[in-house]
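For reference, the chains in residue letters:
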Amino acid sequence: MQNLILASASPRRKELLQNLHLTFDISASDADESLGSFLSPAEAVMELASRKSLTVGAKHPDSFVIGSDTVVVHEGTILGKPKGVSEAESMLKRLSGNTHSVYTGVSIVSPEAETRFFEKTDVTFWGLSDAEIDAYIKSGEPFDKAGGYGIQGFGSFLVKEISGDYYTVVGLPVARTVRELKRAGFILPF
Ligand SMILES: Cc1cn([C@H]2C[C@H](O)[C@@H](COP(=O)(O)OP(=O)(O)OP(=O)(O)O)O2)c(=O)[nH]c1=O
C-alpha cells in the first residue's frame, strides 16, 4: 500500500489535495526558506518546494511526498508574504491595475527519485482605490499569502483576469501534480 504525504502547513494545499478524494497525511516541513537572490522565480519555487519535500521525505523513505512553494512576481521582483500592514499596502498598490505572475513550484519525492516542476499563471488586478486596499488589509487576509492576497477568498474582488491554471495561484497546480504523481509511480484510482 503506497503512502502519500503533503509536506505543507497550508490549509489551501490540504483542501486542494482533498478535492481529489485521496488519502494522505500531513507533515509540515521546517525547511529553511531563505534564498540567495541569484535564482530565477521558477528556480526559487522549485528549490523551496524541494527542500520541503526532501526534509519530510528523509523521515519517511517509503512514502511519496509533495512539497510546494508559491511566489508572486511583478516586474522582476519576487513578492513573498507581507511582514506587516505597510508591506501589504505597498504590495497591493504595486499590483493594482497591473499584471503579475504567480509561480508555484512542486517537488514530488518518491521512494526512488525526486521530480520537480513549476507552473506560472498571469493575474491582472483591477485598479484599486485606497479604501479598497485598506478594507482588504483590515480583513487580515493578506498576511499568510504570497503577494499579499488570496484569489480564493475576499481577495476575489481584486482580480480582473487570469491566464493559466487557477490552482497555481491558490498554491498547488492540481492537474499537473496528478500527472506527475502518476509518472513518479504513484497509483491513483483514476
Ligand atoms: C497569490 C496567492 C497565494 N496564496 C498562498 C498559497 C501559499 O499557501 C502562500 C505562499 O506561501 P508558501 O511559502 O508557498 O506556503 P505556506 O507557507 O503557506 O505553506 P507551506 O510552506 O507549509 O506549504 O500563499 C493563496 O492562498 N492565494 C493566492 O491567491
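Just so we're clear, the structure is a prediction, and the values are computed from it rather than from any experiment.

About the cut-offs
- Residues numbered from 1 in each chain as written.
- Predicted model: local features only at pLDDT ≥ 70, side-chain atom pairs only at ≥ 80, totals over all residues.
- Heavy atoms only, no water.
- Helix = DSSP H or I, 4+ residues; strand = E, 2+ residues; numbered from the N terminus.
- Rg over C-alpha atoms; globule rule 2.2 N^0.38 Å.
- Buried < 20%, exposed > 50% of the residue type's maximum accessible area, 1.4 Å probe, protein only.
- Contact = heavy atoms within 4.5 Å.
- Areas by Shrake-Rupley, 256 points an atom, 1.4 Å probe, with all protein chains shown as cover.
- Lys, Arg positive; Asp, Glu negative; His and termini not counted.
- Charge placed at Lys NZ, Arg CZ, Asp CG, Glu CD.
- UniProt positions renumbered as here; feature names shortened; annotations may be inferred.
- 1 Å grid on protein atoms, 1.4 Å probe; cavity = no way out; pocket = protein on both sides within 12 Å on 5 of 7 lines; lining within 4 Å.
- Polar contact = N/O pair within 3.5 Å; in protein donor to acceptor, adjacent residues only side chain to side chain.
- Phe/Tyr/Trp six-rings, centres within 6.5 Å; stacked < 30°, edge-to-face > 60°.
- Lys NZ or Arg CZ within 6 Å of the ring centre and 35° of its normal.

A word on the overall build of the protein. Within the protein, the regular secondary structure consists of six helices and seven strands. In the protein, the succession of helices and strands from N to C terminus is β-α-β-α-β-β-α-β-β-α-β-α-α. A compact globule built from 190 residues should have a C-alpha radius of gyration of about 16 Å, and the protein, at 17 Å, falls within 12% of that. Relative to its full complement of 190 residues, the protein shows a buried share of 48%. Considering only contacts within the protein whose residues lie at least 6 apart along the sequence, 65% involve residues at least 24 apart. Of the roughly 9300 Å² that the protein leaves accessible, carbon and sulfur atoms contribute 51%. For the protein, the centre of its 19 positive side-chain charges and the centre of its 24 negative side-chain charges are spaced 1 Å apart.

Mapped onto the present numbering, the UniProt feature "site: Important for substrate specificity" (unreviewed entry) falls on Arg-12, Thr-70 and Gln-152. Considering the C-alpha atoms alone, the annotated residues occupy 141 residues of sequence yet fold into one spot, their largest mutual distance being 14.5 Å. Those annotated residues lining the largest pocket are, specifically, Arg-12, Thr-70 and Gln-152. When you line up the elements, Arg-12 lands in helix H1 (residues 11-18). Excluding residues that lie within four positions of it along the chain, Arg-12 makes contacts with Asp-144, Lys-145, Gln-152 and Val-170. By the element assignment, Thr-70 lies in strand E3 (residues 64-74). The contact partners of Thr-70, leaving out residues within four places of it in the chain, are Arg-13, Val-45, Val-102, Tyr-103, Thr-104, Ala-146, Thr-168, Val-169 and Gly-171. Within the local environment of Thr-70, its side chain forms a polar contact with the side chain of Arg-13, the two groups lying 3.0 Å apart.

This part covers the UniProt feature "active site" (unreviewed entry) in the protein. Here, the residues flagged by UniProt with the feature "active site" (unreviewed entry) are Asp-69. Here Asp-69 is to be found in strand E3. The residues contacting Asp-69, other than those within four sequence positions of it, are Arg-13, Glu-33, Val-45, Leu-48, Ala-49, Lys-52, Tyr-103, Thr-104 and Gly-105. Engagement of the side chain of Asp-69 in a polar contact is seen with the side chain of Lys-52, the distance being 2.8 Å.

The phi torsion at His-21 lies on the positive side, around 60°, for a residue other than glycine. By secondary structure assignment, the location of His-21 is in the loop between H1 and strand E2 (25-26). Residue Glu-75 is not a glycine yet carries a positive backbone phi of 45°. Tracing the backbone through its elements, the reader meets Glu-75 in the loop between E3 and strand E4 (77-79). Classification of Glu-75 by relative accessible area gives exposed; the value is 71%.

Glancing now at the packing of aromatic side chains. Taken as a whole, this structure holds seven aromatic pairs when the rule is applied. On the numbers, 5.1 Å between centres and 65° between planes, the contact of Phe-64 with Phe-186 is edge-to-face. Here Phe-186 lies in the segment after helix H6 (174-183) and Phe-64 lies in strand E3, a separation of 122 residues in the sequence. A ring pair is formed by Tyr-166 and Tyr-167, whose centres lie 5.2 Å apart and whose planes are at 80°; its orientation type is edge-to-face. Among the aromatic residues, those joined into a cluster by ring pairs are Tyr-136, Phe-154 and Phe-157. The positively charged end of Lys-160 is found above the aromatic ring belonging to Trp-126, 4.9 Å away from the centroid.

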